[in-house]
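So you can see what is in the structure, the chains are spelled out below.
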Amino acid sequence: METLDVRGLKCPLPVLKANKALRGMAPGAELLVLATDPAAEKDFPAFAEETGHALVSLTHEEEVLRVVLRRRAG
């Protein structure tokens, strides 16, 4: 699983950087995103729904949001 650290970045950068990272990954591969932007909690589920990537998990670890996305097939 690859990790993308976007802590400190504000909307829309966390989602844009995750999208770029996912494009370079194999179908079915998972990406762990670490974010601190409060909007990311709503942005990532919407992003997954719009793009077809799977939102595997969305959890908080203190001030950090941990999002796991699975790249869509094809």
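My aim in this report is to walk through the structure given alongside it, one point at a time. Along each chain, residues carry numbers from 1 onward, in the same order as the chain's sequence is written. Whole-chain, interface and lining totals are the exception, using all residues; otherwise, since this is a predicted model, local features are given only for residues with pLDDT of at least 70 and side-chain atom pairs are given and counted only at 80 or more. As a rule here, side-chain values come from all non-hydrogen atoms in the structure, and water together with hydrogens is ignored.

A word on the environment of K20
Piece 1. Inspection of the secondary structure puts K20 in helix α1 (residues 13-23).
Piece 2. Among the residues examined, K20 registers a relative accessible area of 59% and is labelled exposed.
Piece 3. Considered as a pair, K20 and V67 are 47 residues apart in the sequence and their alpha carbons are 15 Å apart. Counting from the N terminus, the helices are the DSSP runs of H or I reaching at least four residues and the strands are the DSSP runs of E reaching at least two. Throughout, exposure labels follow a simple rule: accessible area from a 1.4 Å probe, protein chains only, divided by the maximum for the residue type, with under 20% read as buried, over 50% as exposed, and the rest as partly exposed.

Section: helix α2 (residues 40-51)
Piece 1. Helix span, as expected, comes to 1.5 Å for every residue beyond the first. Look at α2: 16 Å from first C-alpha to last across 12 residues, which is about the 16 Å you get at 1.5 Å a residue.
Piece 2. Considered for burial, the residues of α2 that qualify are A40, F44, F47 and A48. Each buried residue of α2 sits inside an arc of 95° when the element is viewed along its axis, so together they form one side. Structural note: α2 exposes K42, E49 and E50 on the side pointing more than 90 degrees away from its buried face.
Piece 3. Note on contacts: a residue pair qualifies if any of its non-hydrogen atoms lie within 4.5 Å across the two residues. In the core, the buried residues of α2 are packed alongside α1, β2 (30-35), β3 (54-61) and β4 (64-70).
Piece 4. One or two residues past the end of α2 sits G52, with phi positive at roughly 90°. This arc describes the spread of directions from the helix axis toward the C-beta atoms.

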